[in-house]
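Coordinates in review
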Amino acid sequence: LVDVPPPSSAIAGGERVRALRTGDEAWLDAAGRLHAVGRQADVLKVSGEKVSATAVEAALRRHPAVESAAVVGIDDRVRGQRVVAHLVLRPGAGVDAPALADHCRAWLQAHEVPMAFHVWPSLPLTDLGKVDKARLRHAQPPPATAPPG
């Protein structure tokens, strides 16, 4: 457990609280309620800007052809990381990379738009049933995928 100073508006008197470092990101509102944001590992750094993988995934899932999405950062010498999307499409749906990039531009800032979209029949899962992003970072994309544009 780690002592962390709470925001002065969250807990009266500026008292210290006990916290456990979990890698989760959250914030306290004025009433002292905790709001989960995501995982620190899901925050990418692209050209000096923070990119929430969770926010990009949510934007992708808004597309009618997308059933599920996982976003990872791939190391890039110039940008720090590149945003790469791994998708499963709905049965019978089809969409190309330029259309997905256009869709993302309607919901995201330019540096958040994935530079590549890879479509899979299913996403790899960990033993706990979560998407295995570590495997996706090192996976060879299926042959039918390509970067936008």
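Parameters and conventions
- Residues numbered from 1 in each chain as written.
- Predicted model: local features only at pLDDT ≥ 70, side-chain atom pairs only at ≥ 80, totals over all residues.
- Heavy atoms only, no water.
- Helix = DSSP H or I, 4+ residues; strand = E, 2+ residues; numbered from the N terminus.
- Buried < 20%, exposed > 50% of the residue type's maximum accessible area, 1.4 Å probe, protein only.
- Contact = heavy atoms within 4.5 Å.
- Areas by Shrake-Rupley, 256 points an atom, 1.4 Å probe, with all protein chains shown as cover.
- pLDDT = per-residue confidence, 0-100.
- Polar contact = N/O pair within 3.5 Å; in protein donor to acceptor, adjacent residues only side chain to side chain.
- Core = buried A, V, L, I, M, F, W, Y, C linked by side-chain atoms within 4.5 Å.
- Arc of directions from axis to C-beta.

**What about the overall build of the chain?**
Within the chain, the regular secondary structure consists of 3 helices and 9 strands. Along its sequence from the N terminus, the chain presents helices and strands in the succession β-β-β-β-β-β-α-β-β-α-β-α. Per-residue burial for the chain yields a buried fraction of 34% across its 149 residues. Within the chain, residue pairs in contact and separated by at least 24 positions form 47% of the contacts whose partners lie at least 6 positions apart. Working note: accessible area of the chain is about 9,300 Å², and carbon and sulfur atoms make up 53% of it.

**Regarding the confidence of the model for the chain**
As a general rule, the predicted coordinates of low-pLDDT regions are not to be interpreted in detail. For the chain, per-residue confidence averages 81 on the pLDDT scale, and 73% of positions sit at 70 or higher. Of all helices and strands in the chain, the one with the weakest mean pLDDT is strand β1 (residues 2-4) (46), whereas helix α2 (residues 97-107) scores best (96). Contacts for the low-pLDDT stretch residues 8-12, under 50 throughout, to residues beyond four places or in other chains number 7 contacts.

**Topic: the side chain of Glu57**
Summarising the element assignment, Glu57 is placed in helix α1 (residues 53-61). Judged by relative accessible area, which is 9%, Glu57 ranks as buried. Side-chain polar atoms of Glu57 contact the backbone nitrogen of Val71, separated by 2.8 Å.

**A word on the nonpolar core**
Counting residues in hydrophobic clusters, the biggest one holds 22 residues, and the most contacted among them are Val56, Leu60, Val71, Val83, Leu87 and Phe117. For this core, the secondary-structure elements that each account for two or more residues are β5 (43-46), α1, β7 (66-76), β8 (80-89) and α2. The next biggest cluster of nonpolar side chains, apart from the first, holds 9 residues, and it includes Ile74, Val84, Val88 and Ala116.

**Quick word on α2**
Each α-helix winds once per 3.6 residues, and so residues spaced three or four apart point in a common direction. Restricting attention to buried positions, one finds in α2 the residues Ala97, Leu100, Ala101, His103 and Cys104. All buried residues of α2 project into a common sector of 160° when viewed along the axis, lining one side. When the buried face of α2 is taken as reference, the exposed residues oriented beyond 90 degrees from it are Asp102 and Ala106. Tucked inside the fold, the buried residues of α2 contact α1, β7, β8 and β9 (116-119).

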